[in-house]
Each structure stands twice: as C-alpha cells, then as structure tokens.
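# Reading the structure
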Amino acid sequence: MKTSRRTFYFLVILIAWLPYWWAFFPIIVSYDGAAQLANFFGLSYPNNHQPYTAAAIMGVLIKFFMKLTNNNSTWSFALYAGLIGSCSAIVCSRLVVKFGTAFGRNIQWLSLLLFALFPLFPFYAFSYDKTAPFLIGIGMSFSALISIAIDKNLNNHLWELAIGTVVTSVFRSDGYYVMVIVLLACVVVLRSKQLLLCLISIIVLMTVITKVIFPMAFIAPGLPGDSISVPLQQVAYTVKTHEAQLKGSKLYDDLNKIMPLKKITEAYNPNLADYVKFNYGNTYNNENKSKKEAFETFLKERSKYGIRNFLKLWLRLGMKYPFDYVKAWIYQVDSYYSPTNDNEQEKSSGQLFMNLNQVWVQNRITDVMRQLNFSVDYNGSEFAKKFKNRLLTPL
C-alpha cells in the first residue's frame, strides 16, 4: 500500500515539476554551478569553496553523460537534470508518506502540495547546482530520522540515514557540520553504537578527504568565511545597525582588528552572505602561479584569519544584541519563502531564483560554458520565455 501511494505521490510531484524543466530545458545552470564547472574542468585553481567533492561528483557525471551522448552537451545536461530531478521527486514522495504516517493525512496532503507547487523544489531539482543533491541528502536523512522515531527500530533505516549523511556532507560544508551535530544528538538520545560508528565514519571520511587527499592534490581549502557565513551576516547587520553606539568601544576595536568592519558593513546584503563573506579573509587570486604555489600562498594568507577569535567576539556581540542576531538570520533565509522581495531586488533576487534575472550572473554562466565548449541549445520558444520571465519578475 505504501509503495503504491509513494509511486502516486512521485508521479504527482514529477508531473507538477515538468513545466519548469521544459521552460529551462535542458537544465538551469546557477552562478555556483558555473563556478563548479570551472573548478572541476580546470578553468580556476582547484578549491574547496563549493566544495570540491560536489564539483567532482557533478563533473564526473557530466563527463559520463558526454561519453554516453557522443559529446552532445544539450543532452548530457538534460540527462543530468533528469537524474537529479527524478531522485529529488523520489525523496520528496518518501517524505510525503512519512509525514502522513507521523502526523496524519492532512499534513500528508499539505506536504504533497508544498513539494509539488512551491517553485523552490523544481528550480533546484533541475539545476546544475550543489544544492540539488544536498537537498536529496537532507531529505533522505530526515526521512530516516522520522522512521526511526516512529518504528523505534534503527536497523531498518540505518542505510538511508548513512547515505543521506554522506550526500549531505560532501555537497555542502555546512551540511557536514549539521549532520555531525544531528548524529551526535541521536547517539546521546538513542545510546546506539551503530549511530556512533556512523558518526565516527563520516568524521573520518571527511577528514581524510579534506586533510589528506585535497592537500596531496593541491586543492585549496574553503575561504575563511565559508564556515561562518551566518555569524558574519549577524555581525555585519548588528554593527551596521548599532554603529553609533559601538564605535570607539573595545568590542568594536577588537572586531575591527580581525575583520574590515567598514568594508563588511558596506557590502552587507540581508539576503545573500556572499557579499560579506568575500570581504572577510583572502580569496583565490593566484593567476600566474602553479597549482602548488597557489595552494601554499593561499594557506599562508588564510592562516591569518582564525575562527576561534572571531567566534569569541561574535558571542560577545550576540549577548549584547541577541534580537539583532535573530533578525539577521531571518533576513538571510527569508528569500527562500518570499523570493521576490522588492526591498533587496536591486541587489539580489533571492536564493530561490539564483539571481537568474541578473545580467552579471548570465554573463558568468555564458562565459564558463563558452570556455568549456559546452554548446547547449536552450528552449527558446516564446511561451517558455514568457514562463521564465513571469517567474523571474518581482511580484
């Protein structure tokens, strides 16, 4: 019975998503997706900003589909989008069933409508962007945790949780930190040796990848601000809001010693952390150096930006202005729920639409695809253009 319901929900979700895939066929390439292509295929120095595990897995799939289609870029990206989109719909259909079992039929139908009709899901499902597989991993992990809570039986759902944890961790650095915390909490609550082994395994796996394999291949670590993007946003918003009261204080001076407060507050965008993040610490600017030299130079510069001192000051500021931290976090994530918010439209159209209506984003994507000789034939029909324009125009 559950299988037939899951199949029905899968078909409903996939059919509801198909207009998005058709309009953007063969795929939606995001700004980050273009950066991942550039990273994997050698247009930039290899780095873990996206992270590199995501760029490598996605890049290998594209290379496989290119061989499968005799180097047809359009159908290679279409096959990639079809694969990720189908996996996303499968995971969403499983979650719909789990929600129904845990919370009743009303929640089941509401979750089905949310997955099928809210544009965020098809936008990412058919995109070349690390967030699409990341959401699959999160969905699998959440599905397994719901089942464990309902069945009180860990063994039946351990593999789903393990796979979800790995996928979540390799496609986003912050996903790894979240899953470590989640698994640690589960170990404490359930007192499970199997979950403890799962926790240790993911820590060992990610440590070996980032601390052993990447340095051997001269793959630079992430930017100093990558792992603290939310705290950086909170500091930028709070300092900008209360600069008159803070300026001249020891806390302000201490913060200014480890980060350029003027640049960061001027760059602050409520919807997008990148503007602040890229103004904290060094970046990957070593055009005239070998991979080894670029790697060593980046490490030397990055060592100046220790996270420990920043977190101490972040905590001190947060204790003084806790509600501003909450506001900054809400402003950062509300683009997922109100993506066409006019207040910040000039700077960022929100996470949901990946800034696809911005010329600089399209120019970057076009430039990367051109350099890689990926000649992609997008859907150019008038109806598709109208559909896309409607989606990407502020309400």
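Our subject in this report is the structure included herewith. Being a predicted model, the structure only gives us computed values, none of them experimental.

### Examining the environment of E296
Along the polypeptide, E296 turns up in helix α16 (residues 291-302). The exposure class of E296 is partly exposed, given its relative accessible area of 43%. As for E296 and I219, which are separated by 77 residues in sequence, their C-alpha atoms are 10 Å apart.

### Some points on the packing of helix α4 (residues 73-103) against helix α5 (residues 105-117)
Geometrically, a packed helix pair is captured by the angle between its two axes and the distance between the axes. For the pair α4 and α5, interaxial distance at closest approach is 7 Å and the crossing angle is 160°. With respect to α5, the element α4 is oriented roughly antiparallel. The element α4 and its partner α5 pack so that their crossing is right-handed. Contacts between α4 and α5 involve C92, L95, V96, V97, F99, G100 and F103 on the former and, on the latter, R105, I107, Q108, S111, L112 and F115. Per-class residue counts for the contact of α4 with α5 are nine nonpolar, three polar and one charged.

### Observations regarding the side chain of S127
Looking at where S127 falls in the secondary structure, it is placed in strand β2 (residues 127-128). By relative accessible area, which is 0% here, S127 ends up buried. There is a polar contact of 2.8 Å between the side chain of S127 and the backbone oxygen of Y124.

### Topic: the packing of helix α11 (residues 229-241) against helix α17 (residues 307-320)
Where α11 meets α17, the closest approach of the two axes is 10 Å, and the angle between their N-to-C directions is 45°. When the axes of α11 and α17 are compared, the pair comes out oblique. Remark: the crossing between α11 and α17 carries left-handed chirality. Touching P231, L232, Q234, V235, T238 and V239 of α11 are F310, W314 and L317, all from α17.

### Here's the deal with the pattern of salt bridges
If you walk through the whole model with that rule in mind, you get 12 salt bridges. The salt bridge partner of D226 is K277, with a shortest N-O separation of 3.8 Å. A residue pair is termed long-range when its members are at least 10 positions apart, and D226 in the loop between α10 (193-216) and α11 and K277 in helix α15 (residues 274-277) qualify at 51 residues. Neither D226 nor K277 differs from the other in exposure class; each is buried. By sharing partners, the salt bridges in this structure join K250, D254, K257 and R316 into a single network.

### Brief notes about the environment of A144
Note on placement: A144 falls in helix α7 (residues 131-151). Using a relative accessible area of 0% as the deciding quantity, one classes A144 as buried. Spatially, the C-alpha atom of A144 lies 9.1 Å from that of K98, the residues being 46 residues apart in sequence. Ignoring sequence-local partners within four residues, the contact set of A144 consists of H157, E160 and L161.

Parameters at a glance
- Residues numbered from 1 in each chain as written.
- Predicted model: local features only at pLDDT ≥ 70, side-chain atom pairs only at ≥ 80, totals over all residues.
- Heavy atoms only, no water.
- Helix = DSSP H or I, 4+ residues; strand = E, 2+ residues; numbered from the N terminus.
- Buried < 20%, exposed > 50% of the residue type's maximum accessible area, 1.4 Å probe, protein only.
- Axes fitted to C-alpha atoms, helices over the stretch in contact; angles between N-to-C directions.
- Parallel < 35°, antiparallel > 145°, perpendicular 65-115°, else oblique.
- Left-handed = near helix turned anticlockwise from the far one by under 90°.
- Contact = heavy atoms within 4.5 Å.
- Nonpolar A, V, L, I, M, F, W, Y, C, P; charged D, E, K, R; others polar.
- Polar contact = N/O pair within 3.5 Å; in protein donor to acceptor, adjacent residues only side chain to side chain.
- Salt bridge = Lys/Arg side-chain N within 4 Å of Asp/Glu carboxyl O.

What is shown is where atoms sit, not what they do.
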